[in-house]
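# Descriptive analysis of the structure
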Amino acid sequence: MADQPRSAAQRKADVLAKLSAPVADVWVATADAGEPYLVPLTASWFEERIVLATDKNSPTARNLAACGTARLAFGGTRDVVLVDVRLERAVPVADGGPIGEAYAAQNDWDPRTAGDAYLFLILRPERIQAWRELNEIAGRTLMRDGAWLI
């Protein structure tokens, strides 16, 4: 038997904890004209934005530049957080300033040491869904159109 479903407020708190956790690993799904691309990356939560770091020539960076959207998946299959995002901007890691400081402080890697080929991808969450079991499917949407529903 599944645990009692969490309240929306508890789910939001759990999502924020997952986003700001040390070394927040995430699956990032993007696509080009027909080919989906899925890659694990490390994220940072900074000023209500999700920050990724990757090579500017990677499929992830190219796909985001071309279409502007991605879906991120945090957690396992029994503690899901899905985040639909829109690319707000891409910043060379050398110009990251506070973004770079925040990313390095949250993670076990500082992409500013990776050279000029790396970018910070600043992503604005548009929709966030979170659930653990079937009893949390109803009410799983916590953010819609970039605004928290709680």
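One can find the structure itself at the top, above this paragraph.
A short tour of the structure in this document, coming up. The model shown is predicted, which means the values in this text are computed figures rather than measured ones.

Thresholds, definitions, all that
Residues numbered from 1 in each chain as written. Predicted model: local features only at pLDDT ≥ 70, side-chain atom pairs only at ≥ 80, totals over all residues. Heavy atoms only, no water. Helix = DSSP H or I, 4+ residues; strand = E, 2+ residues; numbered from the N terminus. Rg over C-alpha atoms; globule rule 2.2 N^0.38 Å. Contact = heavy atoms within 4.5 Å. Areas by Shrake-Rupley, 256 points an atom, 1.4 Å probe, with all protein chains shown as cover. Core = buried A, V, L, I, M, F, W, Y, C linked by side-chain atoms within 4.5 Å. Buried < 20%, exposed > 50% of the residue type's maximum accessible area, 1.4 Å probe, protein only.

### Notes on the overall build of the protein chain
When helices and strands are tallied, the protein chain shows 3 helices and 8 strands. What you see in the protein chain, going N to C, is helices and strands ordered as α-β-β-β-α-β-β-α-β-β-β. The C-alpha radius of gyration computed for the protein chain amounts to 16 Å, which stays within 12% of the reference 15 Å derived for 150 residues, consistent with globular compactness. Overall, the C-alpha framework of the protein chain stretches about 50 × 35 × 25 Å when taken along its three principal axes. By sequence separation, contacts in the protein chain at least 24 residues apart represent 64% of the contacts at least 6 residues apart. Only carbon and sulfur atoms are counted for the fraction: they give 53% of the accessible area of the protein chain, which is about 7800 Å².

### Concerning the environment of Pro22
If you trace the backbone, Pro22 turns up in the loop between α1 (8-19) and β1 (24-31). Once the C-alpha coordinates of Pro22 and Ala104 are considered, the two residues, 82 residues apart in sequence, prove to be 10.0 Å apart.

### A short note on the nonpolar core
Counting residues in each nonpolar core, the largest one holds 26 residues, and the members touching the most others are Ile50, Leu52, Leu72 and Phe74. Going through the elements one at a time, α1, β1, β2 (36-46), β3 (49-55), β4 (69-74), β5 (80-92), β6 (118-131) and β7 (141-144) are the ones with two or more residues in this core. No other element matches the 5 residues that β6 contributes to this core. Contacts of Leu52, omitting those with residues within four sequence positions, involve Val26, Val28, Leu41, Thr42, Ala43, Tyr103, Leu119, Phe120, Leu121 and Leu123. One finds Val51, Val91, Val93 and Ala102 within the second-largest nonpolar core, a separate group that totals 10 residues.

As far as function goes, none of this settles anything; it's purely spatial.
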